[in-house]
Amino acid sequence: FTVTEMESGEETLKCARQADPDVILLDVVLGEMDGFETCRRLKEDPDLAAVPIVFLTARTEMKWFMEGFAAGGADYITKPFNPIEVIARIETHAKVRRLMRAREKYIDALQEANDSKTRLIGVASHDLRGPLGSVGELTRLMLQGEFGELSEDHASAIRTVHVAAESMF
């Protein structure tokens, strides 16, 4: 891991905006702005809202757990802590964050492909309307006898073309 330490909530907000972290470890007791308020402010920032925040604190009462999760925390670890457990939790949250980023990129790529497909279908549809309209109109005129009498075989073939052209149009 690359670790950056901050001394206050304000420092954490500034640094997080620049660093684009995978996970933020946050104590509850930070000074002028506590960890819960820092977490809420991080979650209000659209660029940081998806970053998992793990509280690491000596506050062990259930009300603190609940406030941490209500503020937007993803996890809550109490001191004294087991370093192996903390690393495992950080790795899990970092992996989830990386997967979410990959998912967002995949969704963006799918949206772009879908937009391209929609544009292609629009162009093809527009380009086909003219010729199909002409075929439909000419076959209609032929069936009405505008170009002379048709044999039954010719009329049957022209009806088939006319129906197909109208259906495609």
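Because the structure is predicted, anything quoted here is derived from the model rather than measured.

(A) How the structure looks around the nonpolar core. If you look at the biggest cluster of nonpolar residues, it comprises 17 residues, and the most contacted ones within it are Ile24, Leu26, Phe36, Leu42 and Phe55. Among the elements of the structure, α1 (9-19), β1 (24-26), α2 (35-44), β2 (53-57) and α3 (62-71) are those that each provide at least two residues to this core. At 3 residues, α2 tops the list of elements feeding residues into this core. When sequence neighbours within four positions are dropped, the list of residues in contact with isoleucine 24 reads Thr12, Ala16, Leu42, Val51, Pro52, Ile53 and Val54. Formed by 7 residues, the second largest nonpolar core is a distinct cluster that contains Val23, Val54, Ile90 and Ala94.

(B) Inspection of the packing of aromatic side chains at higher detail. Evaluation of the coordinates by the stated rule reveals 4 aromatic pairs. Feature note: the residues Phe36, Phe55, Trp64, Phe65 and Tyr76 constitute an aromatic cluster, connected by ring pairs. Stacked on the ring of tryptophan 64, the Lys or Arg arginine 59 has its end atom at 4.3 Å from the ring centre. Positioned above the aromatic ring of phenylalanine 169 is the side chain of arginine 129, whose terminal nitrogen or guanidinium carbon lies 5.2 Å from the ring centre.

(C) Inspection of the environment of proline 52 at higher detail. Within the secondary structure, proline 52 is located in the loop between α2 and β2. Using a relative accessible area of 11% as the deciding quantity, one classes proline 52 as buried. Between the C-alpha atoms of proline 52 and valine 161, which are 109 residues apart in sequence, the distance is 62 Å.

(D) Summary view of a negative patch on the surface. On the surface, a cluster of negative charge is made up of Glu5, Glu7, Glu11 and Glu32. Mapped onto the fold, glutamate 7 is located in the segment before α1. Look at glutamate 7 and you get exposed, because its relative accessible area is 62%.

(E) Spatial organisation of unusual backbone geometry. Put simply, lysine 79 and proline 80 share a cis peptide bond, and its omega is -5 degrees. Although it is not a glycine, aspartate 20 sits at a positive phi angle of roughly 50 degrees. Structurally, aspartate 20 is set in the loop between α1 and β1. The exposure class assigned to aspartate 20 is partly exposed, which follows from its relative accessible area of 40%.

(F) Examining a nonpolar patch on the surface more closely. Nonpolar side chains collect at one region of the surface, where Phe1, Val3 and Ile87 lie side by side and expose about 350 Å² of accessible area between them. Within the secondary structure, phenylalanine 1 is located in the segment before α1.

(G) Representation of the sheet that holds β2. The 3 strands are arranged β1-β2-β3 in an open sheet whose pairing can be described as parallel. Two strands lie at the open edges of the sheet, namely β1 and β3 (75-78), each paired on one side alone. Within this sheet the neighbouring strands show an average axis-to-axis angle of 25 degrees, counted without direction. Looking at chain direction, β1 and β2 are connected through 3 bridges and run parallel. Bridge pairing links leucine 25 to valine 54 in β2. In the packing of α2 onto the sheet, the strands contacted are β1, β2 and β3, and the crossing angle to β2 comes to about 175 degrees. Of the strands in this sheet, β2 and β3 are in contact with α3, which crosses β3 at around 145 degrees.

Definitions and cut-offs
Residues numbered from 1 in each chain as written. Predicted model: local features only at pLDDT ≥ 70, side-chain atom pairs only at ≥ 80, totals over all residues. Heavy atoms only, no water. Core = buried A, V, L, I, M, F, W, Y, C linked by side-chain atoms within 4.5 Å. Buried < 20%, exposed > 50% of the residue type's maximum accessible area, 1.4 Å probe, protein only. Helix = DSSP H or I, 4+ residues; strand = E, 2+ residues; numbered from the N terminus. Contact = heavy atoms within 4.5 Å. Phe/Tyr/Trp six-rings, centres within 6.5 Å; stacked < 30°, edge-to-face > 60°. Lys NZ or Arg CZ within 6 Å of the ring centre and 35° of its normal. Patch = residues over 30% accessible without salt bridge, like charges linked within 9 Å, V, L, I, M, F, W, Y side chains within 5 Å. Areas by Shrake-Rupley, 256 points an atom, 1.4 Å probe, with all protein chains shown as cover. Salt bridge = Lys/Arg side-chain N within 4 Å of Asp/Glu carboxyl O. Lys, Arg positive; Asp, Glu negative; His and termini not counted. Charge placed at Lys NZ, Arg CZ, Asp CG, Glu CD. Pairing = 2+ DSSP bridges. Axes fitted to C-alpha atoms, helices over the stretch in contact; angles between N-to-C directions.

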